[in-house]
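Residue strings, one per chain:
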Amino acid sequence: MKYKSKTGSKAGQNSKKGKMKQGGKAIQGSKTVQSGKTVQSSKPVPSVPSEWLYMTDREIGVREIAASFESEEMTEIWEAAGVAEVLLGEKDSMDMELTENDLGDEESNRFLEENQVKTLFLVTVPPLEFEKAKACMEKIIAANGGFFCGDTEDFTPTVR
């Protein structure tokens, strides 16, 4: 499904320094380094999507996402841009971008209506850090309701 964000990039593209870019995606079990050589990774890439959607029946913004965590150091927000970065460690983060409640096709928008979605975020998760991201997802759900689902044709997998 891969929806375009307000900033014009596809969900999942990340141009921040130190993050994987669209063109340098890791292949399962290997990664590309600056020299252009491929080396074996110590961890296999989990079979979870890197692109997710967060949906809730409440009207919330990035401040509410940040308030889901005990420590302010866990998140960084850019309120005007509607972006929240949830830190998963020293190098990785789960990035969330507030977007319109329009997924671009009738069937997907019907899914939003059926689930009474009032707020929709595009979410990027590094697959190697999914377990940490899932724990953060669960905190956001506990504080704000809703659920996370893969940005896939059938909206799976889900975290509720």
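Predicted model, so just to flag it, every value in this text is computed and none were measured. (Residues numbered from 1 in each chain as written. Predicted model: local features only at pLDDT ≥ 70, side-chain atom pairs only at ≥ 80, totals over all residues. Heavy atoms only, no water.)

A few points about the overall build of the protein chain
Here comes step 1: Within the protein chain, the regular secondary structure consists of three helices and nine strands.
Here comes step 2: Order of helices (α) and strands (β) in the protein chain, N terminus to C terminus: β-β-β-α-β-β-β-α-β-α-β-β.
Here comes step 3: For the protein chain, the residues scored as buried account for 41% of the 160 residues in total.
Here comes step 4: If you take every contact in the protein chain between residues at least 6 apart in sequence, the share linking residues at least 24 apart comes to 61%. (Helix = DSSP H or I, 4+ residues; strand = E, 2+ residues; numbered from the N terminus. Buried < 20%, exposed > 50% of the residue type's maximum accessible area, 1.4 Å probe, protein only. Contact = heavy atoms within 4.5 Å.)

Here we look at the sheet that holds strand E5 (residues 83-87)
For sheets, the rule is that strands pair by backbone hydrogen bonds, running either parallel or antiparallel.
Here comes step 1: Here seven strands make up an open sheet; going across it, the order is E4-E5-E6-E7-E3-E8-E9 and the pairing antiparallel. Pairing within the sheet leaves two strands with one partner each, and these edge strands are strand E4 (75-78) and strand E9 (158-159).
Here comes step 2: Direction of pairing for strand E6 (residues 93-99) relative to strand E7 (residues 119-124): antiparallel, over a ladder of five bridges. Bridge pairing links leucine 98 to phenylalanine 121 in E7. (Pairing = 2+ DSSP bridges.)

Here we look at the side chain of asparagine 144
Here comes step 1: Mapping asparagine 144 onto the fold places it in helix H3 (residues 130-144).
Here comes step 2: Residues in contact with asparagine 144, not counting those within four places in the same chain, are Tyr54, Thr56, Arg58, Ile60, Glu64, Ile65 and Ser68.

Let's talk about a negative patch on the surface
Here comes step 1: A contiguous patch of negative charge on the surface is contributed by Glu100, Asp102, Asp105, Glu106, Glu107, Glu153 and Asp154.
Here comes step 2: When you line up the elements, glutamate 107 lands in helix H2 (residues 106-114). (Patch = residues over 30% accessible without salt bridge, like charges linked within 9 Å, V, L, I, M, F, W, Y side chains within 5 Å. Areas by Shrake-Rupley, 256 points an atom, 1.4 Å probe, with all protein chains shown as cover. Salt bridge = Lys/Arg side-chain N within 4 Å of Asp/Glu carboxyl O. Lys, Arg positive; Asp, Glu negative; His and termini not counted. Charge placed at Lys NZ, Arg CZ, Asp CG, Glu CD.)

Re the environment of cysteine 136
Here comes step 1: Structurally, the position occupied by cysteine 136 is in helix H3.
Here comes step 2: On the accessibility criterion, cysteine 136 (6% relative accessible area) is buried.
Here comes step 3: Note: C-alpha distance between cysteine 136 and methionine 74 (62 residues apart in sequence) is 9.6 Å.
Here comes step 4: If sequence neighbours within four positions are ignored, cysteine 136 has contacts with Phe69, Met74, Val86, Leu88 and Met94.

Some thoughts on the pairing of E6
Here comes step 1: When you tally the buried positions in E6, you get six out of seven residues, the bulk of the element.
Here comes step 2: Two strands pair when backbone bridges link them, and E5 and E6 are joined in this way by five bridges, in the antiparallel orientation. Its bridge partner lying in E6, valine 83 is registered against glutamate 97.
Here comes step 3: Count of turn residues in the E5/E6 antiparallel hairpin: five residues, of which glycine 89 carries a positive phi of about 155°.

Quick word on the pairing of E5
Here comes step 1: Taken across its five residues, E5 has four buried, putting it largely inside the fold.
Here comes step 2: Examined bridge by bridge, E4 and E5 share four bridges and lie antiparallel to one another. By the bridge assignment, isoleucine 77 is partnered in E5 with alanine 84.
Here comes step 3: In sequence, E4 turns back onto E5 through a hairpin of four residues, with glycine 82 there showing a positive phi of about 70°.

Comments concerning the pattern of salt bridges
Here comes step 1: The tally for this structure, following the rule as stated, stands at two salt bridges.
Here comes step 2: Where arginine 63 meets glutamate 79, a salt bridge forms, and the shortest distance between an N and an O atom there is 2.7 Å. Pair noted here: arginine 63 is in helix H1 (residues 62-66) and glutamate 79 is in the loop between E4 and E5, with a separation of 16 residues, a long-range link.
Here comes step 3: For glutamate 79, a relative accessible area of 46% puts it in the partly exposed group.
Here comes step 4: Of the charged contacts in the structure, one is a salt bridge between glutamate 129 and lysine 132, with a shortest N-O distance of 3.4 Å.
Here comes step 5: Note on lysine 132: relative accessible area 43%, which makes it partly exposed.

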